[in-house]
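# Observations on the three-dimensional arrangement
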Amino acid sequence: MSVATNWSIEGKNHEKNFKSIIFLGVLWLSLFVAFLFLIILLVTTAMNGWGRYDMRLFTSYNNTTPADAGARAAILGSLFVVSVTALMAIPVGIAAAVYLEEFADRSKWYNKVIELNIQNLAAVPAILYGMLTLGILTILGLKNKNVVIGGSLALALLILPVVILTTREALRAVPQEIRDGSLALGATEVQTVTKQTLPAAIPGIATGTILAVSRAIGEAAPLLLLGALVFITYDPNGLLAGFTTMPIQIFSWTSAAQEEFKQVAAATSMLLLAILLSMNGVAIFIRNKFAKRW
Amino acid sequence: MTSESQGLSRGMHLGGSTRGEIVQPIMELRNLNVYYGDFHAVRDISLDVGANQITAFIGPSGCGKSTVLRCLNRTNDLVPSARVTGGIDYRGHDLYGPSVDPIEVRRRVGMVFQKPNPFPKSIFDNIAYGPRVTGMKLNKSETEDLVEHALSKAGLWSEVKDKLDQSGFALSGGQQQRLCIARAIATSPDILLMDEPCASLDPIATSLIEDLMLELVNDYTVVIVTHNMQQAARVSDRTAFFSAKIDDAGQRFGHLVEMDQTSKIFTNPSDSRTEDYISGRFG
Ligand SMILES: Nc1ncnc2c1ncn2[C@@H]1O[C@H](COP(=O)(O)OP(=O)(O)OP(=O)(O)O)[C@@H](O)[C@H]1O
Ligand SMILES: [Mg+2]
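The rules behind each value
Residues numbered from 1 in each chain as written. Chains lettered and ligands numbered in written order. Predicted model: local features only at pLDDT ≥ 70, side-chain atom pairs only at ≥ 80, totals over all residues. Heavy atoms only, no water. Helix = DSSP H or I, 4+ residues; strand = E, 2+ residues; numbered from the N terminus. Rg over C-alpha atoms; globule rule 2.2 N^0.38 Å. Buried < 20%, exposed > 50% of the residue type's maximum accessible area, 1.4 Å probe, protein only. Contact = heavy atoms within 4.5 Å. Lys, Arg positive; Asp, Glu negative; His and termini not counted. Charge placed at Lys NZ, Arg CZ, Asp CG, Glu CD. 1 Å grid on protein atoms, 1.4 Å probe; cavity = no way out; pocket = protein on both sides within 12 Å on 5 of 7 lines; lining within 4 Å. Points joined across faces, edges and corners; volume = space filled by probe spheres on them. Nonpolar A, V, L, I, M, F, W, Y, C, P; charged D, E, K, R; others polar. Near = heavy atom within 4 Å. Polar contact = N/O pair within 3.5 Å; in protein donor to acceptor, adjacent residues only side chain to side chain. Areas by Shrake-Rupley, 256 points an atom, 1.4 Å probe, with all protein chains shown as cover. Buried area = accessible area lost by both parts, 1.4 Å probe. Salt bridge = Lys/Arg side-chain N within 4 Å of Asp/Glu carboxyl O.

Broken down by element type, chain A carries 11 helices and 0 strands. Beginning at the N terminus, the succession of helices and strands in chain A can be written as α-α-α-α-α-α-α-α-α-α-α. Its C-alpha atoms give chain A a radius of gyration of 25 Å, more than 25% over the compact-globule value 19 Å for 294 residues. Along the longest, intermediate and shortest principal axes, the C-alpha atoms of chain A span 85 × 60 × 30 Å. Relative to its 294 residues, chain A shows a buried fraction of 40%. When contacts within chain A are restricted to residue pairs at least 6 apart in sequence, those whose partners lie at least 24 apart make up 74%. Distance from the positive charge centre (21 side chains) to the negative charge centre (16 side chains) of chain A: 1 Å.

With that out of the way, let us pick up empty space enclosed by the protein. Following the criterion strictly, the structure yields 2 cavities of 30 Å³ or more and no others. Reported here for the largest cavity is a volume of approximately 40 Å³. Elements with a contribution of two residues or more to the lining of the largest cavity: helix 7 (176–184) of chain A together with strand 6 (109–112) and helix 6 (173–185) of chain B. No other element matches the 3 residues that helix 6 of chain B contributes to the lining of the largest cavity. Class assignment for the residues of the lining of the largest cavity results in 7 nonpolar, 2 polar and 1 charged. Here the second largest cavity is characterised by a volume of approximately 30 Å³. Mapped by element, the contributors of at least two residues to the lining of the second largest cavity are helix 3 (72–103) and helix 8 (189–218) of chain A. Among the residues making up the lining of the second largest cavity, the classes are represented as 6 nonpolar, 2 polar and 1 charged.

Residues and elements named next belong to chain B. Not every one of the 14 residues close to ligand 1 is listed here, only the nearest: S61, K65, S66, T67 and H227. The contact in question runs from an oxygen atom of ligand 1 to an N or O atom on the backbone of G64, over 3.0 Å. With respect to ligand 1, the side chain of K65 contributes an N or O atom lying 2.7 Å from an oxygen atom. Notes on ligand 1: free accessible area 630 Å², of which the protein chains cover 66%. Within the residue set of the shell around ligand 1, elements represented by two or more residues are strand 2 (39–50) and helix 1 (65–72). Element by element, the count of residues in the shell around ligand 1 is highest for helix 1, at 4 residues.

The next point concerns the layout of surface pockets. Considering only enclosed or pocket space, the largest pocket measures out at about 970 Å³ in volume. Surrounding the largest pocket, 29 residues form its lining, Q176(A), D180(A), L78(B), V79(B) and P80(B) being those nearest its centre. Where the lining of the largest pocket is concerned, the elements lending two or more residues are helix 3, helix 6 (148–172), helix 7 and helix 8 of chain A. In terms of residue count, helix 7 of chain A provides more of the lining of the largest pocket than any other element does, 5 residues in total.

Moving on to the interface of chain B and chain A. At the junction of the two partners, chain B supplies 23 residues and chain A supplies 19 residues. Per-residue buried area on chain B facing chain A is highest for P120(B), Y129(B) and V133(B); these three make up 29% of the total on that side. Counting across the interface, chain B meets chain A through 1 salt bridge. Here K115(B) and E177(A) are joined by a salt bridge, their closest N and O atoms 3.4 Å apart. Where chain B touches chain A, the interface holds 6 residue pairs in polar contact (both at pLDDT 80 or more). Of all the secondary structure elements, the ones that give two or more residues to the side of chain B that touches chain A are helix 2 (102–108), strand 6, helix 3 (123–133) and helix 6 of chain B. Its residues assigned to classes, the side of chain B that touches chain A comprises 12 nonpolar, 6 polar and 5 charged.

Written out as structure tokens, the structure reads:
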């Protein structure tokens, strides 16, 4: 029209032309497809597990009779292994991140090598951490590799790079002015880190760490390698006790011949999903609640 | 010195004849040179900072005012590439001497930054932080007294006394800057450095801070960097004019053109470059 000569602002809405609508349509369709599969998966799993949502799941051990089988050993195994994993990975990961972010001289070649390696480690397939742990346990002379401490070690190695990277991210988000202000008051660098930088970064660290731990809960591959695919009818009662975990128990039941085992597997899957979703929910909650506006 | 030229300068705490003359130097810079890596940023600065005076650093951007200021409390040490030669004498001690602990220096020479930088903590903890980390062993009521004292000194007490447990971020920019000043004086420093403390503030907040400086200089020595000529003229006793030059190798570096009583710098400077800068013909 005569846009250049008069100052009319009427016209066909540009957001409503054909191309924009097609484009938006494709976006919505993609979202819909992704969502649809998620829903189908959830609904079918939930229905497959029908009839098994009861206390047997929590109280009974695995059993050759499907009707009597429960996931008690696997649930406790998952919780135990993941707690030990968190105890190993989180302090080490945070300490490593603090060193790299706050103290390391980045111009030194060895710090650059470490940095690059951590980035790469985060992308290493999980199974390799299983192999590494297997090697370590062999060197230590452990005959039975399927022990809690071994599984935790594998999972801790697996999530360590993620913990380091997210902690560094959170530390980096703390404005330099806060460190400057603290140092200018005569605080030491250690005081500045422990009393200013780390506390200010805790929401970010917590979010990243919870997500990392929830990854460990869902992981099966490295534990399979350590031989966690076993029939266990007792509670894991020590760092050297044998164990199985929920993902592995699910795997073992789904590959079993009897159809009823698939039912228990589905019910356990729903439980695992519920745990993962609530952990992610907590992470999102922390992120939103404590989101800092500097 | 006479009082005719005093219109520009302040007349509050020293009164009359010695204003702007150094009675007792507290810091003496002798041929100070600062390098950032290979870059020789600031060359051969020699000047005195008078005790209980306000010293202003003025000059065009990039001439090294902040660099020199950061040398005075050794915060330049925190820049990995920074290196200093020459000396600074502080109350008879070589500030860069081998046995000097930079952390001790920073406890005696406080600093306020251009952008207010409160800690993400309560107003109370913002003030109490310095005394805590510098090892002042205070009990609860002593800490409370100190917080009140520092906030009162900074002219902020009446505005925040009912919300000490609120975040320092909940204050306005001008209040935040006064909080930062209160935070700095809570550790009872000897000298207070301020790098463009009013650069992000409106005129009313600026004038509050200027009044505060004039108040503080009764107890402390103040060194301020400012781009605001009126501010330098209003508050300072002595003014150092820095400028940048290009050397034979084509490197730009900062140097001190002249330093004198503020009234002299603003009415009758010795160097024509100072006059050009002040009257706006330069930079
Ligand atoms: N951390 C640093 N690393 C490298 N070079 C720096 C650093 N800080 C300052 N410089 C350089 O030193 C010179 C002096 O900088 P400085 O910040 O002291 O100037 P200034 O007078 O404070 O300027 P402004 O008025 O803009 O604040 C500049 O050339 C600057 O690029
Ligand atoms: Mg500056």
